[in-house]
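Read off the chains here:
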Amino acid sequence: MQPWVEKYRPARLDDVQAQQESVAALRSCLRAGSNMPHLLFFGPAGTGKTSSILALARDLFGPDFLKTRVKELNASDDRGIEVVRQKVKTFARGSVSSLTSRVQSDGRIYPLPAFKLIILDEADALLPDAQAALRRMMEDFSDVTRFCILCNYVSRIIDPISSRCAKFRFKPVDRECLASRVGFIATQEGLTLSEEAINGLSAASKGDLRTAITLLQTAVRAKGADLRGETFVDLAGLVPTAVMQSLTEVLCRGHFSEIFPATKRVLAKGYSALQVVGQIRDYLVSPECALPTLQRALLCTRVSLVEKRLLDRADEMLQLLDLTSAFALPATI
(Lines give C-alpha, C1' and ligand atoms only; values in the text may rest on other atoms or scores of the structure.)
Protein backbone atom coordinates (compact mmCIF):
# COMPACT_ATOMS: atom_id res chain seq x y z
CA MET A 1 0.00 0.00 0.00
CA GLN A 2 1.38 3.39 -1.00
CA PRO A 3 1.81 5.81 1.92
CA TRP A 4 -1.03 8.31 1.81
CA VAL A 5 1.32 11.21 2.61
CA GLU A 6 2.86 10.59 -0.83
CA LYS A 7 -0.32 9.55 -2.62
CA TYR A 8 -2.12 12.75 -1.60
CA ARG A 9 0.84 15.15 -1.66
CA PRO A 10 -0.26 18.35 -3.47
CA ALA A 11 0.86 18.33 -7.09
CA ARG A 12 0.47 22.09 -7.69
CA LEU A 13 0.43 25.25 -5.60
CA ASP A 14 -3.32 25.51 -6.10
CA ASP A 15 -3.69 22.17 -4.27
CA VAL A 16 -1.93 23.42 -1.11
CA GLN A 17 -4.73 24.25 1.33
CA ALA A 18 -2.81 25.40 4.41
CA GLN A 19 -0.25 28.24 4.77
CA GLN A 20 -2.23 30.61 2.56
CA GLU A 21 0.06 33.60 3.19
CA SER A 22 3.18 31.66 2.17
CA VAL A 23 1.44 30.09 -0.82
CA ALA A 24 0.31 33.52 -2.03
CA ALA A 25 3.91 34.74 -1.84
CA LEU A 26 5.11 31.66 -3.72
CA ARG A 27 2.62 32.42 -6.50
CA SER A 28 4.36 35.79 -6.82
CA CYS A 29 7.67 33.94 -7.15
CA LEU A 30 6.08 31.80 -9.85
CA ARG A 31 5.06 34.92 -11.77
CA ALA A 32 8.53 36.42 -11.27
CA GLY A 33 10.14 33.52 -13.14
CA SER A 34 13.86 34.22 -13.56
CA ASN A 35 13.74 36.91 -10.85
CA MET A 36 12.84 34.37 -8.15
CA PRO A 37 15.13 34.74 -5.09
CA HIS A 38 16.67 32.05 -2.93
CA LEU A 39 14.07 30.73 -0.48
CA LEU A 40 14.17 29.77 3.18
CA PHE A 41 11.23 27.81 4.63
CA PHE A 42 11.14 27.25 8.38
CA GLY A 43 8.60 25.84 10.78
CA PRO A 44 7.52 22.63 12.54
CA ALA A 45 7.56 19.26 10.83
CA GLY A 46 4.56 18.24 8.76
CA THR A 47 3.37 21.76 7.96
CA GLY A 48 3.89 21.65 4.18
CA LYS A 49 7.40 22.99 3.58
CA THR A 50 8.55 20.19 1.26
CA SER A 51 5.15 19.83 -0.41
CA SER A 52 5.00 23.56 -1.18
CA ILE A 53 8.43 23.80 -2.80
CA LEU A 54 7.87 20.62 -4.82
CA ALA A 55 4.54 22.00 -6.01
CA LEU A 56 6.28 25.27 -6.97
CA ALA A 57 8.96 23.30 -8.83
CA ARG A 58 6.32 21.42 -10.83
CA ASP A 59 4.58 24.67 -11.71
CA LEU A 60 7.90 26.19 -12.79
CA PHE A 61 9.50 23.42 -14.81
CA GLY A 62 6.72 21.02 -15.74
CA PRO A 63 6.92 17.22 -15.91
CA ASP A 64 9.40 17.12 -18.80
CA PHE A 65 12.14 19.13 -17.05
CA LEU A 66 11.47 18.42 -13.37
CA LYS A 67 14.11 15.69 -13.00
CA THR A 68 16.84 17.57 -14.85
CA ARG A 69 16.23 20.99 -13.28
CA VAL A 70 15.44 20.06 -9.64
CA LYS A 71 17.63 18.25 -7.12
CA GLU A 72 16.32 17.39 -3.65
CA LEU A 73 18.79 16.57 -0.86
CA ASN A 74 18.32 15.79 2.80
CA ALA A 75 21.05 17.42 4.84
CA SER A 76 20.46 15.14 7.83
CA ASP A 77 21.83 12.19 5.81
CA ASP A 78 25.30 13.74 5.73
CA ARG A 79 25.95 16.87 7.78
CA GLY A 80 29.54 17.52 6.75
CA ILE A 81 31.12 19.78 4.17
CA GLU A 82 31.68 16.94 1.70
CA VAL A 83 27.99 16.61 0.88
CA VAL A 84 27.97 20.30 -0.06
CA ARG A 85 31.13 20.07 -2.13
CA GLN A 86 30.33 16.83 -3.94
CA LYS A 87 26.54 16.69 -4.35
CA VAL A 88 25.46 20.31 -4.23
CA LYS A 89 28.33 21.97 -6.09
CA THR A 90 28.33 19.44 -8.93
CA PHE A 91 24.68 20.10 -9.67
CA ALA A 92 24.75 23.84 -8.98
CA ARG A 93 27.63 24.73 -11.29
CA GLY A 94 26.14 23.27 -14.49
CA SER A 95 24.51 25.72 -16.82
CA VAL A 96 21.09 25.33 -18.44
CA SER A 97 19.91 26.26 -21.89
CA SER A 98 17.62 29.23 -22.26
CA LEU A 99 14.25 27.94 -23.40
CA THR A 100 11.11 29.90 -24.01
CA SER A 101 7.78 28.79 -22.56
CA ARG A 102 6.43 25.87 -24.54
CA VAL A 103 3.81 23.17 -24.42
CA GLN A 104 4.97 20.07 -22.57
CA SER A 105 3.79 16.47 -22.62
CA ASP A 106 0.74 17.20 -20.45
CA GLY A 107 -0.45 19.89 -22.84
CA ARG A 108 0.29 22.83 -20.51
CA ILE A 109 2.70 25.74 -20.88
CA TYR A 110 5.23 26.29 -18.07
CA PRO A 111 7.48 29.31 -17.34
CA LEU A 112 10.67 27.20 -17.50
CA PRO A 113 13.10 29.89 -16.18
CA ALA A 114 16.78 29.61 -17.05
CA PHE A 115 17.95 28.23 -13.71
CA LYS A 116 18.00 25.01 -11.72
CA LEU A 117 16.56 24.52 -8.24
CA ILE A 118 18.28 22.79 -5.31
CA ILE A 119 16.03 21.83 -2.40
CA LEU A 120 18.04 21.25 0.77
CA ASP A 121 15.79 19.67 3.40
CA GLU A 122 16.61 19.69 7.14
CA ALA A 123 19.38 22.20 6.48
CA ASP A 124 19.57 23.09 10.18
CA ALA A 125 21.41 19.75 10.58
CA LEU A 126 24.33 21.04 8.49
CA LEU A 127 27.52 21.80 10.39
CA PRO A 128 28.73 25.43 10.37
CA ASP A 129 31.56 24.80 7.89
CA ALA A 130 29.13 23.11 5.50
CA GLN A 131 26.76 26.07 5.78
CA ALA A 132 29.65 28.43 5.06
CA ALA A 133 30.49 26.46 1.91
CA LEU A 134 26.83 26.52 0.92
CA ARG A 135 26.76 30.30 1.32
CA ARG A 136 29.68 30.67 -1.11
CA MET A 137 27.88 28.50 -3.67
CA MET A 138 24.74 30.58 -3.34
CA GLU A 139 26.87 33.58 -4.35
CA ASP A 140 28.93 31.91 -7.08
CA PHE A 141 26.13 30.11 -8.92
CA SER A 142 23.18 32.46 -8.38
CA ASP A 143 22.95 33.12 -12.13
CA VAL A 144 22.17 29.45 -12.93
CA THR A 145 20.87 28.00 -9.64
CA ARG A 146 18.35 28.91 -6.97
CA PHE A 147 18.43 27.35 -3.52
CA CYS A 148 15.50 26.52 -1.28
CA ILE A 149 16.57 25.89 2.31
CA LEU A 150 14.13 23.93 4.48
CA CYS A 151 14.56 23.74 8.25
CA ASN A 152 12.68 23.40 11.50
CA TYR A 153 14.75 25.95 13.43
CA VAL A 154 15.78 29.09 11.55
CA SER A 155 18.07 30.08 14.44
CA ARG A 156 20.39 27.21 13.42
CA ILE A 157 20.93 28.69 9.96
CA ILE A 158 23.90 31.05 9.79
CA ASP A 159 23.12 34.73 9.14
CA PRO A 160 24.95 34.92 5.76
CA ILE A 161 22.55 32.29 4.36
CA SER A 162 19.46 33.69 6.06
CA SER A 163 20.12 37.19 4.77
CA ARG A 164 20.34 35.96 1.16
CA CYS A 165 16.94 34.28 1.18
CA ALA A 166 13.31 35.29 1.13
CA LYS A 167 11.99 33.77 4.38
CA PHE A 168 8.65 32.01 4.78
CA ARG A 169 7.35 30.83 8.14
CA PHE A 170 5.16 27.71 8.11
CA LYS A 171 2.77 27.52 11.05
CA PRO A 172 1.22 24.38 12.56
CA VAL A 173 -1.79 23.39 10.49
CA ASP A 174 -5.00 24.60 12.15
CA ARG A 175 -7.93 22.32 12.79
CA GLU A 176 -10.04 23.62 9.89
CA CYS A 177 -7.35 22.95 7.26
CA LEU A 178 -6.53 19.59 8.81
CA ALA A 179 -10.19 18.57 8.87
CA SER A 180 -10.61 19.66 5.25
CA ARG A 181 -7.61 17.65 4.01
CA VAL A 182 -8.39 14.60 6.13
CA GLY A 183 -12.02 14.76 5.00
CA PHE A 184 -10.90 14.82 1.37
CA ILE A 185 -8.69 11.76 1.88
CA ALA A 186 -11.46 9.96 3.76
CA THR A 187 -13.85 10.59 0.84
CA GLN A 188 -11.32 9.32 -1.68
CA GLU A 189 -10.65 6.17 0.36
CA GLY A 190 -14.27 5.48 1.28
CA LEU A 191 -13.80 6.00 5.01
CA THR A 192 -16.38 6.93 7.65
CA LEU A 193 -15.17 9.60 10.08
CA SER A 194 -17.09 11.32 12.84
CA GLU A 195 -16.48 14.82 14.17
CA GLU A 196 -15.13 13.21 17.33
CA ALA A 197 -12.62 11.20 15.31
CA ILE A 198 -11.43 14.32 13.47
CA ASN A 199 -11.06 16.16 16.79
CA GLY A 200 -9.03 13.25 18.16
CA LEU A 201 -6.86 13.20 15.06
CA SER A 202 -6.24 16.94 15.34
CA ALA A 203 -5.34 16.66 19.03
CA ALA A 204 -3.02 13.70 18.47
CA SER A 205 -1.17 15.29 15.52
CA LYS A 206 -0.79 18.78 17.11
CA GLY A 207 -0.77 20.65 13.83
CA ASP A 208 1.39 18.10 11.98
CA LEU A 209 -0.57 17.17 8.86
CA ARG A 210 1.89 14.43 7.91
CA THR A 211 1.38 12.75 11.27
CA ALA A 212 -2.40 13.12 10.95
CA ILE A 213 -2.47 11.40 7.56
CA THR A 214 -0.14 8.64 8.77
CA LEU A 215 -2.30 8.05 11.85
CA LEU A 216 -5.39 7.87 9.66
CA GLN A 217 -3.81 5.25 7.40
CA THR A 218 -2.57 3.27 10.40
CA ALA A 219 -6.05 3.32 11.93
CA VAL A 220 -7.55 1.96 8.72
CA ARG A 221 -5.06 -0.90 8.66
CA ALA A 222 -5.74 -1.70 12.33
CA LYS A 223 -9.48 -1.13 12.68
CA GLY A 224 -11.09 -0.92 9.25
CA ALA A 225 -12.86 1.82 7.34
CA ASP A 226 -15.38 2.77 10.06
CA LEU A 227 -13.48 5.12 12.37
CA ARG A 228 -16.36 7.01 13.93
CA GLY A 229 -15.40 6.02 17.50
CA GLU A 230 -11.63 6.19 17.05
CA THR A 231 -9.78 8.68 19.30
CA PHE A 232 -6.27 8.02 17.87
CA VAL A 233 -4.71 8.34 21.34
CA ASP A 234 -3.30 4.80 21.40
CA LEU A 235 -2.10 4.95 17.80
CA ALA A 236 -0.25 8.21 18.47
CA GLY A 237 1.48 6.75 21.52
CA LEU A 238 -0.13 9.30 23.82
CA VAL A 239 -0.93 8.66 27.46
CA PRO A 240 -4.75 8.49 27.79
CA THR A 241 -6.45 11.54 29.23
CA ALA A 242 -7.84 9.59 32.20
CA VAL A 243 -4.37 8.35 33.18
CA MET A 244 -2.83 11.82 32.92
CA GLN A 245 -5.70 13.41 34.82
CA SER A 246 -5.26 10.93 37.66
CA LEU A 247 -1.51 11.60 37.74
CA THR A 248 -1.80 15.40 37.67
CA GLU A 249 -4.37 15.35 40.49
CA VAL A 250 -1.88 13.45 42.63
CA LEU A 251 0.96 15.79 41.62
CA CYS A 252 -1.00 18.93 42.46
CA ARG A 253 -1.73 17.64 45.97
CA GLY A 254 2.04 17.65 46.49
CA HIS A 255 2.38 14.65 48.84
CA PHE A 256 5.44 12.58 48.03
CA SER A 257 3.90 9.50 49.65
CA GLU A 258 1.27 9.60 46.85
CA ILE A 259 3.53 10.83 44.04
CA PHE A 260 6.02 7.96 44.21
CA PRO A 261 3.53 5.08 43.71
CA ALA A 262 1.55 7.08 41.11
CA THR A 263 4.73 7.60 39.07
CA LYS A 264 5.58 3.91 39.25
CA ARG A 265 2.07 2.94 38.13
CA VAL A 266 2.26 5.10 35.01
CA LEU A 267 5.59 3.60 33.91
CA ALA A 268 4.40 0.10 34.80
CA LYS A 269 1.67 0.48 32.17
CA GLY A 270 4.36 0.78 29.51
CA TYR A 271 4.08 4.46 28.65
CA SER A 272 7.20 6.31 27.54
CA ALA A 273 8.67 8.57 30.21
CA LEU A 274 9.45 11.16 27.53
CA GLN A 275 5.80 11.18 26.46
CA VAL A 276 4.61 11.50 30.06
CA VAL A 277 7.00 14.42 30.63
CA GLY A 278 5.75 16.12 27.46
CA GLN A 279 2.13 15.83 28.56
CA ILE A 280 2.99 17.13 32.04
CA ARG A 281 4.59 20.13 30.33
CA ASP A 282 1.44 20.69 28.27
CA TYR A 283 -0.61 20.57 31.47
CA LEU A 284 1.65 23.09 33.22
CA VAL A 285 1.19 25.68 30.48
CA SER A 286 -2.55 25.06 30.08
CA PRO A 287 -5.35 27.09 31.71
CA GLU A 288 -6.44 23.94 33.60
CA CYS A 289 -3.34 24.04 35.81
CA ALA A 290 -4.22 25.73 39.11
CA LEU A 291 -0.67 25.87 40.52
CA PRO A 292 0.89 29.27 41.31
CA THR A 293 2.72 30.96 38.47
CA LEU A 294 6.12 30.79 40.19
CA GLN A 295 5.78 27.07 40.86
CA ARG A 296 4.74 26.41 37.27
CA ALA A 297 7.77 28.31 35.98
CA LEU A 298 10.14 26.35 38.21
CA LEU A 299 8.54 23.07 37.18
CA CYS A 300 8.86 23.95 33.50
CA THR A 301 12.58 24.51 34.09
CA ARG A 302 12.77 21.05 35.65
CA VAL A 303 10.88 19.63 32.67
CA SER A 304 13.54 20.91 30.28
CA LEU A 305 16.32 19.32 32.34
CA VAL A 306 14.53 15.98 32.56
CA GLU A 307 13.76 15.94 28.83
CA LYS A 308 17.45 16.54 28.06
CA ARG A 309 18.50 13.69 30.33
CA LEU A 310 15.95 11.32 28.80
CA LEU A 311 17.18 12.17 25.31
CA ASP A 312 20.66 11.34 26.59
CA ARG A 313 19.26 7.88 27.56
CA ALA A 314 19.16 8.33 31.29
CA ASP A 315 17.07 5.96 33.44
CA GLU A 316 13.36 6.63 32.80
CA MET A 317 12.15 5.86 36.32
CA LEU A 318 14.72 8.06 38.03
CA GLN A 319 14.19 11.00 35.67
CA LEU A 320 10.40 10.90 35.77
CA LEU A 321 10.52 10.66 39.56
CA ASP A 322 12.93 13.61 39.62
CA LEU A 323 10.25 15.66 37.86
CA THR A 324 7.19 14.43 39.71
CA SER A 325 8.84 14.73 43.14
CA ALA A 326 9.52 18.42 42.38
CA PHE A 327 5.75 18.98 42.74
CA ALA A 328 6.19 18.28 46.46
CA LEU A 329 8.87 20.97 46.87
CA PRO A 330 8.05 24.54 47.95
CA ALA A 331 8.05 27.13 45.13
CA THR A 332 11.15 29.13 46.09
CA ILE A 333 13.75 30.85 43.97
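First things first, this report covers the structure right here in the doc.

Moving on: the packing of aromatic side chains. On inspection of all chains with the given rule, the structure shows five aromatic pairs. Taking 5.4 Å as the distance between ring centres and 90 degrees as the angle between the ring planes, the aromatic pair formed by phenylalanine 41 and phenylalanine 168 counts as edge-to-face. A residue pair is termed long-range when its members are at least 10 positions apart, and phenylalanine 41 in strand β1 (residues 38-42) and phenylalanine 168 in strand β7 (residues 165-169) qualify at 127 residues. For phenylalanine 41, a relative accessible area of 0% translates into the label buried. Members of the aromatic cluster, each reached through a chain of ring pairs, are Phe41, Phe168 and Phe170. Over the ring of phenylalanine 91 we find lysine 116, and its NZ or CZ is 5.6 Å from the ring centre. Directly above the aromatic system of phenylalanine 115 lies the positively charged group of arginine 146, at a separation of 4.6 Å from the ring centroid.

Taken as a whole and assessed by the stated rule, the structure comprises 16 salt bridges. Residues arginine 164 and glutamate 139 are paired through a salt bridge, measuring 2.3 Å at the closest nitrogen-oxygen approach. With arginine 164 in the loop between α6 (159-162) and β7 and glutamate 139 in helix α5 (residues 128-140), the pair connects residues that are 25 residues apart, well separated along the chain. As a salt-bridge pair, aspartate 282 and lysine 206 come within 3.1 Å of each other at their nearest N and O atoms.

Quick look at the pairing of β1 now. Within β1, five of the five residues are buried, leaving the element largely enclosed by the surrounding structure. Burial of β1 is two-sided: the residues His38, Leu40 and Phe42 facing one way and the residues Leu39 and Phe41 facing the other way are all buried. Bridge count between β1 and β7: five bridges; the pairing is parallel. By the bridge assignment for β7, phenylalanine 41 is matched with phenylalanine 168.

Axis separation between helix α13 (residues 293-311) and helix α14 (residues 316-325) bottoms out at 9 Å; the angle between their running directions is 175 degrees. Relative to α14, α13 is oriented roughly antiparallel. Counting all contacts with α13, which are made through Leu299, Arg302, Val303, Val306, Arg309 and Leu310, the residues of α14 involved are Glu316, Gln319, Asp322 and Leu323.

Let's shift gears to the layout of surface pockets. In this structure, the largest pocket occupies an estimated 550 Å³ of space. Looking at the largest pocket, it is lined by 32 residues, and the ones nearest its centre are Gly46, Thr47, Gly48, Ser51 and Arg210. Here the lining of the largest pocket takes four residues from helix α3 (residues 49-69), the largest share from any one element. Tallied by class, the residues present in the lining of the largest pocket amount to 14 nonpolar, ten polar and eight charged. Roughly 460 Å³ of internal volume is contained in the second largest pocket. The wall of the second largest pocket is formed by 18 residues, among which Val239, Thr241, Met244, Gln279 and Asp282 lie closest to the centre.

Think of an α-helix as turning once every 3.6 residues; residues three or four places apart then point the same way. The end-to-end C-alpha distance of helix α2 (residues 20-32) is 18 Å, a good match for the 18 Å that 13 residues give at a rise of 1.5 Å each. Taken together, the buried positions of α2 are Ser22, Val23, Leu26 and Cys29. Along the axis of α2, the buried residues cluster in a sector spanning 105 degrees; they form a single face. Seen from the open side of α2, the exposed residues pointing more than 90 degrees away from its buried face are Glu21 and Arg31. Considering only its buried residues, α2 is in contact with β1, α3 and β7. Just downstream of α2 lies glycine 33, where phi reads positive at about 65 degrees.

We now examine the state of the cysteines. As enumerated under the stated definition, the model contains zero disulfides in all. There is no disulfide at cysteine 29, and the cysteine sulfur nearest it, in cysteine 148, is 9.5 Å away. Take cysteine 151: it sits in no disulfide, and the sulfur closest to it among the cysteines is that of cysteine 165, at 9.5 Å.

About the thresholds
Residues numbered from 1 in each chain as written. Predicted model: local features only at pLDDT ≥ 70, side-chain atom pairs only at ≥ 80, totals over all residues. Heavy atoms only, no water. Phe/Tyr/Trp six-rings, centres within 6.5 Å; stacked < 30°, edge-to-face > 60°. Helix = DSSP H or I, 4+ residues; strand = E, 2+ residues; numbered from the N terminus. Buried < 20%, exposed > 50% of the residue type's maximum accessible area, 1.4 Å probe, protein only. Lys NZ or Arg CZ within 6 Å of the ring centre and 35° of its normal. Salt bridge = Lys/Arg side-chain N within 4 Å of Asp/Glu carboxyl O. Pairing = 2+ DSSP bridges. Axes fitted to C-alpha atoms, helices over the stretch in contact; angles between N-to-C directions. Parallel < 35°, antiparallel > 145°, perpendicular 65-115°, else oblique. Contact = heavy atoms within 4.5 Å. 1 Å grid on protein atoms, 1.4 Å probe; cavity = no way out; pocket = protein on both sides within 12 Å on 5 of 7 lines; lining within 4 Å. Points joined across faces, edges and corners; volume = space filled by probe spheres on them. Nonpolar A, V, L, I, M, F, W, Y, C, P; charged D, E, K, R; others polar. Expected span 1.5 Å × (residues − 1). Arc of directions from axis to C-beta. Disulfide = S-S within 2.5 Å.

On their own, these measurements won't tell you what the molecule is for.
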